[in-house]
Amino acid sequence: MRILIGAVAALAVTAGAALANEFERVPPVTHAATQKECGECHMAYQPGLLPASSWNRIMDGLSDHFGENASLPAETAATIRNYLTQNAGSGDGRLIRITEQRWWQRKHDFDPAIWTRKTVGAKSNCEACHRTAARGLYEDD
Amino acid sequence: MKKPTLLLAAALVALGAGVALAAAGDPERARILDGYAAQTKAQSPDFAGFSAASGRALYMGPHAGGKVAETPGCASCHTANPAGPGRHYKTGRDILPMAVSANPKRFTDPAEVEKRFERDCVNVLGRACTAREKGDFITFLANQ
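Residues numbered from 1 in each chain as written. Chains lettered and ligands numbered in written order. Predicted model: local features only at pLDDT ≥ 70, side-chain atom pairs only at ≥ 80, totals over all residues. Heavy atoms only, no water.

## A closer look at the overall build of chain A
- Tallying secondary structure elements over chain A gives five helices and zero strands in all.
- From first element to last, N terminus to C terminus, chain A shows the α and β order α-α-α-α-α.
- Within chain A, buried positions represent 40% of all 141 residues.
- Across chain A, the fraction of contacts at a sequence separation of at least 24, relative to all contacts at a separation of at least 6, is 61%.
- Surface summary for chain A: the accessible area is close to 8300 Å², and the carbon and sulfur share equals 58%. (Helix = DSSP H or I, 4+ residues; strand = E, 2+ residues; numbered from the N terminus. Buried < 20%, exposed > 50% of the residue type's maximum accessible area, 1.4 Å probe, protein only. Contact = heavy atoms within 4.5 Å. Areas by Shrake-Rupley, 256 points an atom, 1.4 Å probe, with all protein chains shown as cover.)

## With respect to the interface of chain A and chain B
- Contact residues are listed per partner, giving 20 residues for chain A and 14 residues for chain B.
- Both sides together, the interface formed by chain A and chain B hides about 1400 Å², and carbon and sulfur atoms give 35% of it.
- When the buried surface of chain A facing chain B is broken down by residue, A:C41, A:E68 and A:N69 rank first, second and third, together holding 37% of it.
- One salt bridge connects A:E40 with B:R116, and the closest N-O pair in it is separated by 2.5 Å. (Buried area = accessible area lost by both parts, 1.4 Å probe. Salt bridge = Lys/Arg side-chain N within 4 Å of Asp/Glu carboxyl O.)

## Side note on helix 6 (residues 131–142) of chain B
Residues and elements named next belong to chain B.
- The terminal C-alpha atoms of helix 6 lie 16 Å apart, and with twelve residues this matches the ideal 16 Å at 1.5 Å per residue to within 8%.
- Burial runs high along helix 6: eleven of the twelve residues are buried.
- Turning to helix 6, its buried residues are A131, E133, K134, G135, D136, F137, I138, T139, F140, L141 and A142. (Expected span 1.5 Å × (residues − 1).)

## Some details on the state of the cysteines
- All told, the structure shown has one disulfide over all chains when counted by the stated rule.
- Free cysteine: A:C129, not disulfide-bonded; nearest cysteine sulfur from A:C126 at 9.3 Å. (Disulfide = S-S within 2.5 Å.)

## Here's the deal with helix 3 (residues 52–60) of chain A
- Inspection of helix 3 of chain A places A:S54, A:W55, A:I58 and A:M59 among the buried residues, and these make up the whole buried set. Considered in projection along helix 3 of chain A, the buried side chains sweep an arc of 135° and stay on one side of the axis. (Arc of directions from axis to C-beta.)

## Looking at the packing of aromatic side chains
All names here are of chain B.
- For the coordinates displayed, the defined rule picks out eight aromatic pairs over all chains.
- Ring geometry for Y36 versus F117: centroids 6.3 Å apart, planes at 80°, classification edge-to-face. With Y36 in helix 2 (residues 27–43) and F117 in helix 5 (residues 110–125), this pair connects stretches of sequence that are 81 residues apart. In this pair, the class of Y36 matches that of F117, namely buried.
- Considering the side-chain rings of F107 and F137, the 6.2 Å spacing of their centres and the 85° angle between planes classify their relative orientation as edge-to-face. Taken together, the positions of F107 in the loop between strand 2 (94–95) and helix 5 and F137 in helix 6 put the pair 30 residues apart, joining distant regions of the chain. (Phe/Tyr/Trp six-rings, centres within 6.5 Å; stacked < 30°, edge-to-face > 60°.)

## Describing the pattern of salt bridges
- In total, this model carries 17 salt bridges over all chains according to the counting rule given.
- Measuring nitrogen to oxygen at the nearest pair gives 3.2 Å for the salt bridge that ties A:E40 to A:K36.
- A relative accessible area of 24% places A:E40 in the partly exposed class.
- B:E28 is the salt-bridge partner of B:R31, the closest N and O atoms lying 2.8 Å from each other. One end of the pair is B:R31 and the other is B:E28, both in helix 2 and three residues apart, which spans about a single turn.
- The partly exposed category is assigned to B:E28, whose relative accessible area is 28%.

## Looking at the side chain of A:H130
All names here are of chain A.
- Its location among the elements puts H130 in the segment after helix 5 (102–107).
- Classification of H130 by relative accessible area gives buried; the value is 9%.
- A distance of 3.2 Å separates a polar atom in the side chain of H130 from the backbone oxygen of Y138. (Polar contact = N/O pair within 3.5 Å; in protein donor to acceptor, adjacent residues only side chain to side chain.)

## Topic: unusual backbone geometry
Residues and elements named next belong to chain B.
- Cis geometry marks the peptide bond from G61 to P62, where omega comes out at 0°.
- Along the chain, P62 turns up in the loop between helix 3 (52–60) and helix 4 (75–78).
- Of note in the backbone geometry, F107 takes a positive phi value of approximately 60° without being a glycine.
- On the accessibility criterion, F107 (8% relative accessible area) is buried.

## Some points on the environment of B:K90
- You can see B:K90 is positioned in the loop between strand 1 (86–87) and strand 2.
- Along the chain, B:K90 and B:T71 lie 19 residues apart, while their C-alpha atoms are 10.0 Å from each other.
- In contact with B:K90, other than residues within four places in its own chain, are A:F66 and A:A122.
- Within the structure, B:K90 has its side chain in polar contact with the backbone oxygen of A:F66 (distance 2.8 Å).

Structure follows, in structure tokens:
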């Protein structure tokens, strides 16, 4: 039984990784509070782009969210955490930046000068190049 | 003689109400401002009303001690023209105008208003805002 669970987990991890890089599409955000609260300051990143432990770290540290206070009322934060972790993908759970995940770096291995282009601005701005990123479609690069 | 005076008085009252309504506009916004006024009054009994000029100074900055060095004022993201769109200093995300004239929904959802003050006062000032500062800020932008 343990072996079976292990195998299923491994399969799920592989499927999650494939979702994020090979097919270049992830299920879109379907949770209204996540869309609203995360989407106020940046594109609401799809839950499949990070593993659950990364999302938990992010939700634990909203008062210092990449240097900014992005705190939320406790109930709102709880529903968002629940949505993100229930629909999480795979990757390194110690890293909270999507752009530090190995699959992301493999996909974006090009001249770093692109990030400082005025139309791009930051690595976090998926939509600068992936026009349909907000819908979870990243194949137009 | 009595009637015209009464009429005039009634007209003045109506005008006064109109001016107050224009400042607060939406009844929800008026309620939010009333709440901050009551809190301010409790702390300083000589409180005589919010100041758009103080609200403007708070909005423009620059302030020292904020959590985010890149945003010494609200204007850092919302720009010096609150009737225009703003832009998040780091992500570049568009922000709807702060001025009520350009965005009539501003300051009409108490939970949203408190959420933003709680967050951005720390980011810009490095501390929570007082009720008076919140009232001044809304009064400034309700007249923009």
